Amino acid sequence: MESLSYLEIFRQRWRAILIAVVVGVGSAALIAFSIAPTYTSTATLFLSVKDVNATLAERSQFSLARVNSYTDLVRSSEVLEPVISDLGLDLTVQELRSQVSATNPNSTVNINIAAQASSAQDAARIANAVADSLSRLVSRVENFGTFSVSLERLIPALPPAAPSAPQKTVILGLGLVAGLAAGAVLALLLARFDRRMRQPSDVRRVTGLPVLAAVPRGHRRSRGNGADPESTVEAAYTEALARITQANGGTVPRILLLAPAGATANHASVSLGVVGAVSATGRQALFVEAEVSGGDDTALGHFAGTAGLAELLNESTTLPEVTRTLDGSEALFVSAGVAETTEVAADKTLRSVLTRLISRADVVITQATSESRPLSVPLIAPFVEVAMIVVRYNHTSEAELAQTVSQLRIAGVRPLGVVLTDVPNARHLELMATWTPDDFAGGPAKAHVHLRRKASKPAAPTANATATADPSTETKVGPDRKKSMASESSPSPTPVPKPSPPKPAPPSGRTEPAAASASERSSENERVVVD
């Protein structure tokens, strides 16, 4: 994909980041609440030194020098074994040693003894018992002569109100940070390897074609206003028709092919939107269904199982019998039909079917793929003027789009551009900024099926016609001419008489019947011609 800002990447793939965050926080919560709680209680001892022969400064210096060595005695067997015996703990010295610790704050004569247990009461009992055991050991070892050292329990250990471990807030915070990091990495990887179409630049890079229109999702309201979503979608299709006309040299194509890029983009609502836009201009639109609509196409669901295009291709019905009016509009519709037809048989009759369809409407619209039946892209390609590729936002892949464009160009169909459908209402695509002058520089595509008048040869004037058209000249016809005229009405064949010389134009009142009959003959001679 083209280089995008990190903010744009994260905004497009916020769902992946959200999933990663949920997984990270959920895992952290599972860990935090699955660990058994541990309570910690602390008892504080105060060291005092007595010696009648020493000054206060000497006793203070001695205390600071010896107090740090007492912290190591807390984990000794001489201190812990009496604790196990006094409290009746079902623990070994090694197990109790892992639950007890002692520290000496800097520049103080205090010793903090901390004990951990599965309950708050046990933690306080063990901390106080260890403090008393250490005090007895120091008093027994250090006291001699006039010198005495004592450790007094200055602050007894109390049952803590909350466990010291696990620290659930910290664990959940780490899970949140880990989820965000994993989500960011996942978003970058998706941006690197994901080939779905989201931006006009993606379409331009793959096909070189412009995105002429972006159709929003119709089931949600636009943010920031109360606009009707249906009117928003209709406006998008109206703009799409205008852009198609501009790209086609200012001419609305007589036959328009909508080619979905991938199965996810093949939805009849796109054709119905274009049909509605054509009808809004006052033109007669006719939608030809190339294949039977799925169950999600509710607008065409009641036409299922009726005769249509397949029967026309098999020449088992006529166009008036299968032409129906779409609900809520004046547009016409021909269903796919129910008859079985082969590609060879359809190829033989498709030319004549299209001539009848184009004579019935101003614009014929069909939505076909290379696999659709009874009408596929290879079948209709020789008769199509232009094609529009339908791409579904965030669903159509790069490979599907490239394959569709290749099929159209191989079939000789000129793709004008792309219609991007199902665009989120919160997304605003700057389409005009991506257009180039070459996108609208082409002239109108050549019409392969169109109406043309067949010139009729002027009828040779006869004596009867001359006499009828100009009765005032009857007295000027000689005897020989009258004999010739009489012989023309007889059964026996006679040579065709020479036309009489031109007569003066009769009064205007006598030429109206002749003009009317000429108009009727011209109307009868109008027919559909396929180049």
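Residues numbered from 1 in each chain as written. Predicted model: local features only at pLDDT ≥ 70, side-chain atom pairs only at ≥ 80, totals over all residues. Heavy atoms only, no water.

A. Representation of a nonpolar patch on the surface in the model. Together, W14, L18 and V22 give the surface a local cluster of nonpolar side chains, amounting to about 300 Å² of exposed area. Mapped onto the elements, V22 comes out in helix α2 (residues 14-34). Residue V22 is classed as exposed on the basis of its relative accessible area, which comes to 52%. (Patch = residues over 30% accessible without salt bridge, like charges linked within 9 Å, V, L, I, M, F, W, Y side chains within 5 Å. Areas by Shrake-Rupley, 256 points an atom, 1.4 Å probe, with all protein chains shown as cover. Salt bridge = Lys/Arg side-chain N within 4 Å of Asp/Glu carboxyl O. Helix = DSSP H or I, 4+ residues; strand = E, 2+ residues; numbered from the N terminus. Buried < 20%, exposed > 50% of the residue type's maximum accessible area, 1.4 Å probe, protein only.)

B. Seen up close, the pairing of strand β6 (residues 255-260). With six of its six residues buried, β6 lies for the most part within the structure. Covered by surrounding structure in β6 are I255, L257 and A259 together with L256, L258 and P260, the residues of both alternating faces. When β6 meets strand β10 (residues 363-367), the two strands line up parallel, connected through four bridges. Bridge pairing links L256 to I365 in β10. Pairing analysis gives five bridges linking β6 to strand β11 (residues 386-392), with the strands arranged parallel. Note on β11: the bridge partner recorded for L258 is M388. (Pairing = 2+ DSSP bridges.)

C. The environment of M432, seen in detail. Summarising the element assignment, M432 is placed in the loop between β12 (414-423) and β13 (449-453). Take M432: its relative accessible area is 60%, and that puts it in the exposed class. C-alpha separation for the pair M432 and V211, spaced 221 residues apart in sequence, amounts to 8.9 Å.

D. Representation of unusual backbone geometry within the structure. Put simply, A165 and P166 share a cis peptide bond, and its omega is 0°. Assignment of secondary structure puts P166 in the loop between β4 (147-155) and α7 (168-193). A cis amide bond links R373 with the next residue in sequence, P374, at an omega value of 15°. Note that P374 resides in the loop between β10 and α14 (377-380). With phi around 60°, E315 is a residue other than glycine that occupies positive phi space. Along the chain, E315 turns up in the loop between α11 (309-313) and α12 (319-322).

E. Empty space enclosed by the protein, seen in detail. Tallying each qualifying case throughout the model produces two cavities of 30 Å³ or more. Its boundaries defined by the atoms lining it, the largest cavity holds a volume of some 40 Å³. Every residue along the wall of the largest cavity is listed here: V288, L309, L354, L357, V364, T366, L375 and I380. Among the secondary structure elements, those contributing two or more residues to the lining of the largest cavity are α13 (343-360) and β10. The volume enclosed by the second largest cavity comes to roughly 30 Å³. Lining the second largest cavity we find T341, T342, E343, A346, R373, P374 and L379. The class makeup of the residues in the lining of the second largest cavity is three nonpolar, two polar and two charged. (1 Å grid on protein atoms, 1.4 Å probe; cavity = no way out; pocket = protein on both sides within 12 Å on 5 of 7 lines; lining within 4 Å. Points joined across faces, edges and corners; volume = space filled by probe spheres on them. Nonpolar A, V, L, I, M, F, W, Y, C, P; charged D, E, K, R; others polar.)

F. Geometry of the sheet that holds β11. In spatial order, the strands read β5-β12-β11-β6-β10-β7-β9-β8; together these eight strands make up an open sheet with mixed pairing. Edge strands, defined here as strands with exactly one partner in the open sheet, are β5 (211-216) and β8 (324-325). As paired strands, strand β7 (residues 285-289) and strand β9 (residues 332-334) are joined by three bridges and run parallel to one another. Residue pairing in the sheet places F287 in a bridge with F333 of β9. This element, α13, spans β6, β7, β9 and β10 of the sheet and lies at about 150° to β7. Helix α15 (residues 398-410) rests against β6, β11 and β12 of the sheet, and its axis sits at about 170° to β11. (Contact = heavy atoms within 4.5 Å. Axes fitted to C-alpha atoms, helices over the stretch in contact; angles between N-to-C directions.)

G. Representation of the packing of helix α4 (residues 77-87) against helix α6 (residues 120-142) within the structure. For the pair α4 and α6, interaxial distance at closest approach is 9 Å and the crossing angle is 130°. The orientation of α4 relative to α6 falls into the category oblique. The handedness of the crossing between α4 and α6 is right-handed. Along its contact with α4, which presents E78, V79, L80, P82, V83, D86 and L87, the element α6 presents R125, I126, A129, V130, S133, L134, R136 and L137. (Parallel < 35°, antiparallel > 145°, perpendicular 65-115°, else oblique. Left-handed = near helix turned anticlockwise from the far one by under 90°.)

H. Geometry of α4. Where α4 is concerned, the buried positions are V79, L80, V83 and I84. With its buried residues spanning 125° around the axis, α4 presents them on a single face. What points out from α4, more than 90 degrees from its buried face, is the exposed set E78, S85 and D86. Of the residues one or two after α4, G88 is the one with positive phi, at around 65°. (Arc of directions from axis to C-beta.)

I. Seen up close, the nonpolar core. In this structure, L357 and I389 are the most contacted members of the largest nonpolar core, which totals 81 residues. With sequence-adjacent residues up to four places away left out, I389 is seen in contact with L209, A259, A261, L401, T404, V405, L408, P415, G417, V418 and V419. In this structure, I84, V93, A123 and V130 belong to the second largest nonpolar core, which totals 35 residues. (Core = buried A, V, L, I, M, F, W, Y, C linked by side-chain atoms within 4.5 Å.)

J. Structural detail: α15. The terminal C-alpha atoms of α15, which comprises 13 residues, lie 18 Å apart, in line with the 18 Å expected from a rise of 1.5 Å per residue. Of the residues making up α15, those classed as buried are L401, T404, V405 and L408. Here the buried residues of α15 occupy an arc of 95° about the axis, which is enough to place them on one side. Among the exposed residues of α15, those pointing more than 90 degrees away from its buried face are A399 and I410. Looking one or two residues past α15, G412 carries a phi angle of roughly 85°, positive in sign. (Expected span 1.5 Å × (residues − 1).)

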